[in-house]
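Residue-level structure breakdown
Take a look at the letters that make up each chain.
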Amino acid sequence: KRDLGSVGWLNTLPALWLLLVVDDMLYAPTHRFMHWKPVYAWVHKHHHRNTFPTRGYVDGANEHPVEQLVALSLHWCAILLTARTSGVHAAAIGAHLVLKAAGACFNHTGYDVRLRLLGIDYSVRAHEMHHRKPQSNYAQYVMFWDRLMGTYVEYQSPFETVKVA
């Protein structure tokens, strides 16, 4: 639905929340699959050439075209699933796209941006750990999925020295 008259309680903010959760539910295992050796070398390796991405969109969008197509397909699936669950207004879809784009940019800046709200656990540091330890933190916004897959790694500063007793 696109007209302003169709804006309702379920198809806006709850739908936006659901879009983020469902999108990451689909994305995290797919991203993990892209790290599987036979696939990684052909699709995702290029994105990981930078261990400490700091150039925002330049590093975030540095993907293989297949990867971009897969991500857009997952986004479309998240929209369809959300639409069938709560309904979804075009404004919620637009907000989701803006949040995903901003998140992808921030994920590749090195800034310490974090948002925790109703199960959304967005942290630039979590994605930084993914670039440093590529077998971890596959989700983008809902780290619950990594905790469920056993792939979540807490942030560790690269500048801390190890104290020897």
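Rules used in this analysis
Numbering of residues begins from 1 in every chain and follows the order in which that chain's sequence is written. Whole-chain, interface and lining totals are the exception, using all residues; otherwise, since this is a predicted model, local features are given only for residues with pLDDT of at least 70 and side-chain atom pairs are given and counted only at 80 or more. Values reported for side chains reflect all heavy atoms of the structure, with hydrogen atoms and water molecules removed beforehand. The helix and strand labels rest on DSSP assignments: H or I over at least four residues marks a helix, E over at least two residues marks a strand, and numbering proceeds from the N terminus. Exposed residues in this analysis have more than 50% of their type's maximum accessible area, buried residues have under 20%, and partly exposed residues fall in between, with area computed by a 1.4 Å probe over protein chains only. Here a residue-residue contact requires only that any non-hydrogen atoms of the pair lie within 4.5 Å. Exposure was quantified through the Shrake-Rupley algorithm and a 1.4 Å probe, taking into account, for residues, occlusion by the shown protein chains and nothing else. Between N-to-C directions, angles cover 0 to 180 degrees, with each direction set by a line fitted to C-alpha atoms, over the stretch in contact for helices. Helix crossings fall into two classes, left-handed where the near helix is turned counterclockwise from the far one by less than a right angle and right-handed where it is turned clockwise. Each residue is assigned to one class: nonpolar for Ala, Val, Leu, Ile, Met, Phe, Trp, Tyr, Cys and Pro, charged for Asp, Glu, Lys and Arg, and polar for all the others, Gly among them. Only protein atoms enter the 1 Å grid used here. Points where a 1.4 Å probe fits but cannot escape make up a cavity, open sets with protein on both sides within 12 Å along at least five of seven lines make up a pocket, and a residue lines them when an atom lies within 4 Å of a point. Grid points are joined across faces, edges and corners, and a volume is the space filled by probe spheres set on the points. How sure the predictor is of each residue is captured by pLDDT, a score from 0 to 100.

**A closer look at the overall build of the chain**
Counting its secondary structure elements, the chain contains 7 helices and 2 strands. Counted from the first residue to the last, the chain has its helices and strands arranged as α-α-α-α-α-β-β-α-α. In the chain, buried positions account for 39% of the 165 residues. Taking the intrachain contacts of the chain between residues at least 6 apart in sequence as the baseline, contacts between residues at least 24 apart amount to 62%. Here the chain has roughly 9,800 Å² of accessible surface; of this, 67% comes from carbon and sulfur atoms.

**Observations concerning the packing of helix 1 (residues 13–34) against helix 4 (residues 65–85)**
Two numbers describe how helix 1 lies on helix 4: the axes approach to 9 Å, and their chain directions differ by 145°. Like other packed secondary-structure pairs, helix 1 and helix 4 cross with a definite hand, here right-handed. Along its contact with helix 1, which presents A15, L18, L19, V22, D23, L26, Y27, T30 and M34, the element helix 4 presents E67, V70, L74, H75, C77, A78, I79, L81, T82 and T85. Here the contact of helix 1 with helix 4 is composed, by residue class, of 13 nonpolar, 4 polar and 2 charged.

**A few points about the layout of surface pockets**
Regions of empty space are outlined by a rolling probe, equal in size to a water molecule, passed over the atoms. Of the voids in this model, the second largest pocket is the one considered here, and its volume is about 370 Å³. For the second largest pocket, the lining is made up of 16 residues, of which L20, L99, L115, L117 and I120 are closest to its centre. Within the residue set of the lining of the second largest pocket, elements represented by two or more residues are helix 1, helix 5 (90–106), strand 1 (114–117) and strand 2 (120–123). It is helix 1 that contributes the most residues to the lining of the second largest pocket, 5 residues altogether. By residue class, the composition of the lining of the second largest pocket is 15 nonpolar, 1 polar and no charged.

**A short note on the confidence of the model for the chain**
Fine structural detail should not be taken from predicted coordinates in areas where pLDDT scores are low. Averaged over the chain, the pLDDT score is 81; the fraction of residues at 70 or greater is 79%. The element-level mean pLDDT for the chain is lowest in helix 3 (residues 57–60), coming to 54, with helix 7 (residues 144–149) highest at 94.

**Topic: the packing of helix 4 against helix 5**
Contact geometry of helix 4 with helix 5 gives a least axis separation of 12 Å together with a crossing angle of 145°. Between helix 4 and helix 5 the crossing geometry is right-handed. On the side of helix 4, the interface is formed by A71, H75 and I79, while helix 5 contributes I93, H96, L97 and K100. Partitioned by chemical class, the residues of the contact of helix 4 with helix 5 number 4 nonpolar, 2 polar and 1 charged.

**A word on the environment of A95**
For A95, the location among the structural elements is in helix 5. Along the chain, A95 and L13 lie 82 residues apart, while their C-alpha atoms are 9.5 Å from each other.

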